[in-house]
Amino acid sequence: MVARLVVAAPASGSGKTMVATGLMAAFAESGLAVSPHKVGPDYIDPGYHALATGRPGRNLDAYLCGPELVAPLFAHGAAGCDLAVVEGVMGLYDGASGQGELASTAHVAKLLKAPVVLVVDASSQSRSVAALVHGFVSWDPEVRIGGILLNKVGSPRHEELLRDALESVGVPVLGSLPRGPEVATPSRHLGLVPVAERSADATAAVSAMAALVRAHCDLPGLLALARTAPPLTGPAWTPEPAGERLESARPEPSHTAIPAAVATGAIPVTAGSTAVAAGAAGAAGGPGAGLAAGGPGPLLRGAPVGVPGPGHGAGPGARRAVVAVAGGAAFTFGYAENVELLRAHGAEVVVFDPVRDTELPEGTSGIVIGGGFPEVYADALSANEPMRRAVAAFARAGRPVAAECAGLLYLTKSLDGRPMCGVLDAEARMTKRLTLGYREAVAVGESVLAATGSRIRGHEFHRTVVEPGAGADPAWGLLRPEQRTEGFVQGGVHASYLHTHWAGTPEVARRFVAKCAR
């Protein structure tokens, strides 16, 4: 059994990342094997978690992967560890918009049967802290808040007042961190600067977080709380084809009909187009919300998509797929499970840096370009003309390319006026508007990632715009929260703004590797 603790807060900005990362580093420095986790789709915080623990930071997202996979994915990541620390997202009870507790920190804590430690920004309050904590403790009796960590405490007298007030709540105070200069963790338009871009500074920041937590938190008390978590039942998730899919309680079809609004052209293929199908089924927020009558059934999670299994399985005599995955400072967003799935299906995964490398890895038969900050590195990406030409030639030859968000921008003709790969007849630019949120989507045509009618859940997080927003053959028809087409399918290229977690739809990796091996 792995001891585990969820670090939550009443709201964003309370100090969760600093406390969670500090706890991970402090416990790891004490000799414990610590497994780091993050609730939700965030890519950046897990980089700091990995630096603190020496293990991959892993996400637990009940929306992208489904509630049924949260505990199995946790067990997979935490195997062999002494302790797991799970950093929450936003406020404790904040989840997917309009869908109740789904994907909230509280939801994940319940799925993991894990105690919660609540980080409270205590600045500008004293006795009122008791009312705040009482509300969070009593809101959902299935969520067990086992300790309080006070943050931004002004003085010893302030701490005394806070502790006295909290005695009536019956939850122990397990730490009191003083108000003072923030630990240096530079941020920009999408949050913290990723570890890969500031490794020396990031290492120093993590050490400072650990020192602060070690000096002001009851580490033995927190460890004792973590060890009160009961055993989890059921098997761990595995990327291996024989066990990649754990059966969901709900039935799932092998394919999905395309919503009428997409199939009939009621959703036009234009940049940022939005349309709501006539006769949309279901009340707002319900299972059929926003879908045309007769549209898709339940979300696909691992159903076959008409390609060979253990892929290993591209047929007799098929060559082994070599999948080049973009990395380096410009492309830092990716889920560990996606790479594990590619390898489990027989691919050799090789990382390349579009900023520094001048050619694709030898034998490349498929390319994956994930998220990151190409807008920050636009000059360097544009200046590396040999790599841009290599990617363009590979894509134009019809070879498989999967691009998400930053990858989409890299494949356009230009980004903020700087030449990019020119694979897609589209232009990209930075804007001041943040596009953020979960999405449900359906594949409106065949691609290297999905069969027509396959459904997937994804997440958008960017301040850029691509014009047009969809090609003649779009990557997806978005279903929620609005209906529109999005992205590009062009030959072997699948390019989209959607970030996807392939553990929730492992058939994506299986299909992609099979296409690469042909």
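Structure shown above.
Residues numbered from 1 in each chain as written. Predicted model: local features only at pLDDT ≥ 70, side-chain atom pairs only at ≥ 80, totals over all residues. Heavy atoms only, no water.

**Regarding helix α14 (residues 507-516)**
Next up, step 1: Burial analysis of α14 places nine of its ten residues in the buried class, the great majority of the element.
Next up, step 2: Turning to α14, its buried residues number three or more, namely Glu507, Val508, Ala509, Arg510, Arg511, Phe512, Val513, Ala514 and Cys516.
Next up, step 3: Of the surrounding elements, those touching the buried residues of α14 are β12 (322-326), α10 (336-344), β14 (366-369), β15 (401-404) and β19 (455-467). (Buried < 20%, exposed > 50% of the residue type's maximum accessible area, 1.4 Å probe, protein only. Helix = DSSP H or I, 4+ residues; strand = E, 2+ residues; numbered from the N terminus. Contact = heavy atoms within 4.5 Å.)

**A short note on the environment of Gly407**
Next up, step 1: Along the chain, Gly407 falls in helix α13 (residues 406-411).
Next up, step 2: Exposure remark for Gly407: the relative accessible area of 0% places this residue in the buried category.
Next up, step 3: As for Gly407 and Ala326, which are separated by 81 residues in sequence, their C-alpha atoms are 8.6 Å apart.
Next up, step 4: Apart from the residues within four sequence positions on either side, Gly407 is in contact with Phe331, Ile369 and Gly370.

**Considerations on the sheet that holds strand β5 (residues 116-121)**
Next up, step 1: A sheet is described by the order of its strands in space; here seven strands give the open sequence β3-β2-β4-β1-β5-β6-β7, paired in parallel fashion. The open sheet has two free edges, formed respectively by β3 (58-60) and β7 (173-178), since each of these has just one partner strand. Sheet twist, expressed as the mean angle between neighbouring strand axes with direction ignored, is 25°.
Next up, step 2: Looking at chain direction, strand β1 (residues 3-8) and strand β4 (residues 83-87) are connected through five bridges and run parallel. The residue of β4 that forms the bridge with Arg4 is Ala84.
Next up, step 3: The strands touched by helix α4 (residues 105-112) are β1, β2 (34-39), β3, β4 and β5; relative to β1, the strand with the most contacts, the crossing angle is about 170°. (Pairing = 2+ DSSP bridges. Axes fitted to C-alpha atoms, helices over the stretch in contact; angles between N-to-C directions.)

**Comments concerning the layout of surface pockets**
Next up, step 1: A volume near 910 Å³ is recorded for the second largest pocket.
Next up, step 2: Around the second largest pocket, the lining comprises 39 residues; the ones closest to its centre are Phe331, Thr332, Phe333, Gly334 and Tyr335.
Next up, step 3: Put simply, the parts of the chain that give the lining of the second largest pocket at least two residues each are α2 (44-53), β12, α10, β13 (348-352), β14 and β15.
Next up, step 4: Examining the composition of the lining of the second largest pocket, we find that five residues originate from one element, α10, more than from any other.
Next up, step 5: Class assignment of the residues belonging to the lining of the second largest pocket gives a composition of 24 nonpolar, twelve polar and three charged. (1 Å grid on protein atoms, 1.4 Å probe; cavity = no way out; pocket = protein on both sides within 12 Å on 5 of 7 lines; lining within 4 Å. Points joined across faces, edges and corners; volume = space filled by probe spheres on them. Nonpolar A, V, L, I, M, F, W, Y, C, P; charged D, E, K, R; others polar.)

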